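Now for the letters of each chain:
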Amino acid sequence: MFRLLLLDDERVVLNGIQKVFSLRDYGFEVVGALQQPLEALAQLEALRPDLIITDVKMPKMDGLEFSTRVKQILPEVEIVILSGYSDFSYAQTAVRLGVRDYLLKPIKKDDFSKMLKRMYARIEAKQSRESYFQSLHKLFLNNYEELRNQFFVSLTEEGSYDRNLYQLVMKEYPKDLFDSDFILVRMDIYQMSFSNDFVSEIGRLTEQVTRALNIYGRVESYFTDECLYLVLFYVKPEDEQRIRTVFHVFMESKTQEGYTLPAGISRIHRNIESLYLAYNECLQQIFMAEANIDADSEHNPVRSREMGVQIPYAELDELFHRIALGITEGMGELVEKIYKKPKNGNLLYRDFSYSITFLILLRIYQLQDKYDTKADIIQPSCLDLRYLTRQYPTLDSQKHMVQERLTQLSALSADQGTSQASKMVHAAVDYTNRHFCENISLQDVADEIGISKNYLCDIFKKELGMTFISYVTNLRIEKAKELLTGSDMKMYEISDAVGYNDYAYFSQLFKKHTGQTLSAWRGKA
C-alpha cells in the first residue's frame, strides 16, 4: 500500500475524491487530506507520501511553488497537479519541476482512475528498482571482503590475479600501497583447535597479530581455511629485525598458550606482485622447521638468495598445476626443464639439483594429505639433505625418484573425481547448514563425511568459490538478520544463538559485513 497526500484549498474536492474513489482498491492509503500548502510542507517529512495530488490555485502558495518546495524535501515523491486552468504553460512548468501528471478540473472519473493506475505502476516499478539497486549495493558490500580475500590469496599462492578484480580492489587502497616495501606472514591455522568457537577464535587471532605488527606499517589480512596471511605494507628496512623479533615473541606466546601454529615470515619485498616469492619463503621456513632443518644450516638446500641462484618457481608451479588438472602429458619434459643448470649463480650444480629435488618433494608432501590422509608418497624423513645425498647421489637417480613420486601424486589426484567432489561438498554444506550455530570447524565436517580436512578445504573452495570460514560466517550473519527483525531476542542472545560466544566480536563482525550496527538493522524492521 503506497502513501497518498491530498492537497486542495476546497474541502469539497478533498471529500469528493475520497468518496468517489475507493483509493485503497488502487493501492493507496490516504495519510493526509490538507487545505493549506504551508501545513502540508510542515508535515511532509513525518507523512513521507509516495504520491501527492495537489491543486494549482491555492492561497499564499500555488501548486507549482509548492511542488518546487516538495522536491527539495522529498526528491523521489511523485506529484500530480489538478487545475481548472487549461493553459498549456502550467503543464510545461509542471513538467520542468518534476510533476508527473496534470489533470483538468472538473475531474473526470475515468481520467482520474487511469491516472491512479499509472502512478501505482510507476511507484511500484521505481521502488522495485530501488530495492534491486540497494540489494546489489549490499551484495557488493557483503561480497567485497570475499573478493578482496580471493584476490590476495590468488596473488600469494598462485602468483596471478584477475585484472578486473585488481582494479576493483585498488579503489579501496592508497595508490602507493601496492608499490611499497612489504613483509608477508603466513600462519598455518589448520592444526589449531579451540574449546570455544573456531571461527571466532580465528578472528581474534587475526586481531591480536595485527595489533602486534601495525605499529610498523599497514596490515592487511586474508585467509584460506588452512592459512592466515598478513601483509605488512610500508615497511622500513631499518625496522625489519624489530618486526621479526616482535613476531617471534608473539608466536612464542601462542605456543605457551598451547596452540600448534606453524608460521613463517618473509624478507622485505617491493611491489605486491612479489607476494608469490614471499609466500615461498614463508612456506620453506615452515616445512624446514617441521623437518628440523635450521634455516642457516649447511643442510638447508634452498638458501637460493645467498647462493646467488634463481629457483624456477614458475616452472615448479606449472608442474603442480598440471597435476591438479590431471594433465600428465609433457611432465617429463617439464621436469627436465626444471633441472636444467642455471646460467648464473656461484653454487655447484650438485647443490642446485638437490635444491630442486627438495622443493618438489616438499610440495608433494604438502599436497598428498589433500587427497588422502593416509598417503605416504613422501615421509618427513625424506626432507633432509643428508638423506637425499645418501639415497640419491646422482642427478639421474634424483629425477627418476621425482618422476615416480609425481606419478603417484597424479594418480592420487585423479582418484578424486569431479562428481565425487560435488557429492562431498553437497554433504558438507548440508551438515554445515544444520550445525553452523555450534562450535563447528572444517575438521568436524571432514570427520562427519569421512574425508581429509585438507581435501575438503580444497574442493569446498573450488565448488563454492569461498572458504569454509566465509561460508559459516555468511550463514550466521543471515540468521542474525532474521532474528533481529523477526524476534524480540536481546542482541547478546542473538549472538549466542548464531554461534558467537563473544558479543563484542559478533557486533563488530556484523557491522563489517552489513555496513550497519545491530541496533540500526533492527530499527529497519
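In this report, we go over the structure that sits alongside the text. As the structure is a computational prediction, the values presented were derived from the model and not from experiment.

## Overview of helix 17 (residues 442–449)
Because an α-helix packs 3.6 residues into every turn, residues spaced three or four apart end up facing the same way.
Thought 1: What helix 17 keeps buried is the set Leu442, Val445 and Ala446. Buried positions in helix 17, seen along its axis, are confined to an arc of 100° and lie on one side of it.

## Some words on a negative patch on the surface
Thought 1: Where like charges cluster on the molecular surface, the negative patch consists of Glu438, Asp444, Asp447 and Glu448.
Thought 2: Inspection of the secondary structure assignment puts Asp444 in helix 17.

## Some words on the pairing of strand 1 (residues 2–7)
Thought 1: Most of strand 1 is tucked away: five of the six residues are buried.
Thought 2: With six bridges connecting them, strand 1 and strand 2 (residues 28–34) associate as parallel partners. Across the sheet, residue Leu7 finds its bridge partner in strand 2, namely Leu34.
Thought 3: On the question of chirality, the crossover connecting strand 1 to the parallel strand 2 by way of helix 1 (residues 11–20) is right-handed.
Thought 4: As defined by bridge partners, strand 1 adjoins strand 3 (residues 51–55) across four bridges and the pair is classed as parallel. Within strand 3, the residue paired with Leu7 across the bridge is Thr54.

## Regarding the sheet that holds strand 1
Thought 1: Spatial ordering of the open sheet is given by 2-1-3-4-5, a layout of five strands whose pairing is parallel. Two strands bound the open sheet, and with one partner strand each, they are strand 2 and strand 5 (101–104). Averaged over all pairs of adjacent strands, the angle between strand axes in this sheet comes to 20°, irrespective of strand direction.
Thought 2: In this sheet, strand 5 lies alongside strand 4 (residues 78–83) in parallel orientation, the contact comprising four bridges. Bridge pairing in strand 5 links Leu82 to Leu103.
Thought 3: Each of strand 1, strand 2 and strand 4 touches helix 1; the most contacted strand, strand 2, lies at about 170° to it.
Thought 4: Where helix 2 (residues 37–47) meets the sheet, it contacts strand 1, strand 2 and strand 3, and its direction lies at approximately 170° from that of strand 1.

The rules behind these values
Residues numbered from 1 in each chain as written. Predicted model: local features only at pLDDT ≥ 70, side-chain atom pairs only at ≥ 80, totals over all residues. Heavy atoms only, no water. Buried < 20%, exposed > 50% of the residue type's maximum accessible area, 1.4 Å probe, protein only. Helix = DSSP H or I, 4+ residues; strand = E, 2+ residues; numbered from the N terminus. Arc of directions from axis to C-beta. Patch = residues over 30% accessible without salt bridge, like charges linked within 9 Å, V, L, I, M, F, W, Y side chains within 5 Å. Areas by Shrake-Rupley, 256 points an atom, 1.4 Å probe, with all protein chains shown as cover. Salt bridge = Lys/Arg side-chain N within 4 Å of Asp/Glu carboxyl O. Lys, Arg positive; Asp, Glu negative; His and termini not counted. Charge placed at Lys NZ, Arg CZ, Asp CG, Glu CD. Pairing = 2+ DSSP bridges. Right-handed = clockwise from strand over helix to strand, strands pointing away. Axes fitted to C-alpha atoms, helices over the stretch in contact; angles between N-to-C directions. Contact = heavy atoms within 4.5 Å.

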